[in-house]
Amino acid sequence: MPYPSSILLLHGLGGSGEGSVKLLEQTLRKSGWDQATYLRPTLLAVHRPEPGKPMDRVFVQAWDELNAVLAGRVPHLCVGFSFGGLLAPFAPSPLRLSICSPLAKLPPDALQRAASREGWQILHGSLDTVVPADEHVAVLPEHVLRIADPTGSHDFDSWMDRIAAWVQTSWENHPINGVLRGTEKKPH
């Protein structure tokens, strides 16, 4: 399978399924992932968070909304931007990607739980001033794969081609890809 058959794309705080996640879908489709099923839900808790609502409550409400949208489905790939990247590591997908996510906002035990499952990777823009990499990537356990884009920022649309290329490379290099194709290496 050259690409995942189902892809969940999660937007950031104040965003929607019609923003950067839609542009990512369009970019991935143009690069050959045109037959995949894409899910781009607008999570109301993240789209329009209640003023003054603690972020941990926003997270729980968004998680409940996401589970209702999935209704037991397990997309092959989950990609989350910013706040959506906080949800991504907990998604049931075998490969979960977080982009410029405020990871320092996760409680340490939640971060450890997310990192305990294989298949979580991080992409962060070195020029991101909204979610500075030095603060938010520093909290990650050592074994979590992280990539820094030297000119990436929180303006995802401006570097979407590189984001899409990273998503595709992450998929191509992930063991689930070989399992779905039936080409994984078997132990001798």
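Residues numbered from 1 in each chain as written. Predicted model: local features only at pLDDT ≥ 70, side-chain atom pairs only at ≥ 80, totals over all residues. Heavy atoms only, no water.

Colleague: Pulling in residues and values, what's your account of helix α3 (residues 55-70)?
Modeller: In a regular helix each residue adds 1.5 Å, so 16 residues correspond to 22 Å; α3 covers 22 Å between its end C-alpha atoms and thus fits that length. Within the sequence span of α3, burial applies to Val58, Phe59, Ala62, Glu65, Leu66 and Leu70. Seen from one end, α3 has its buried residues packed into an arc of 130°, which puts them on one side. With respect to the buried face of α3, the exposed residues turned more than 90 degrees away are Asp56, Asp64 and Ala68. On its buried side, α3 packs onto β1 (6-10), β2 (37-39), α2 (44-47) and α4 (83-87). Immediately beyond the C-terminal end of α3, within one or two residues, lies Ala71, with a positive phi of roughly 45°. (Helix = DSSP H or I, 4+ residues; strand = E, 2+ residues; numbered from the N terminus. Expected span 1.5 Å × (residues − 1). Buried < 20%, exposed > 50% of the residue type's maximum accessible area, 1.4 Å probe, protein only. Arc of directions from axis to C-beta. Contact = heavy atoms within 4.5 Å.)

Colleague: Quick one: what's the story with the sheet that holds strand β4 (residues 95-99), residue by residue and with numbers?
Modeller: Strand-to-strand pairing in sheets goes through backbone hydrogen bonds, with the strands running parallel or antiparallel. Ordered in space as β2-β1-β3-β4-β5-β6, the six strands form an open sheet in which the pairing is parallel. The open sheet has two free edges, formed respectively by β2 and β6 (145-149), since each of these has just one partner strand. For this sheet, the mean inter-axis angle between neighbouring strands, taken without regard to orientation, is 15°. In terms of strand pairing, β1 meets β2 through three bridges, oriented parallel. Bridge pairing in β2 places Ser6 opposite Thr37. (Pairing = 2+ DSSP bridges. Axes fitted to C-alpha atoms, helices over the stretch in contact; angles between N-to-C directions.)

Scope: geometric values only; no functional claims are made or implied.
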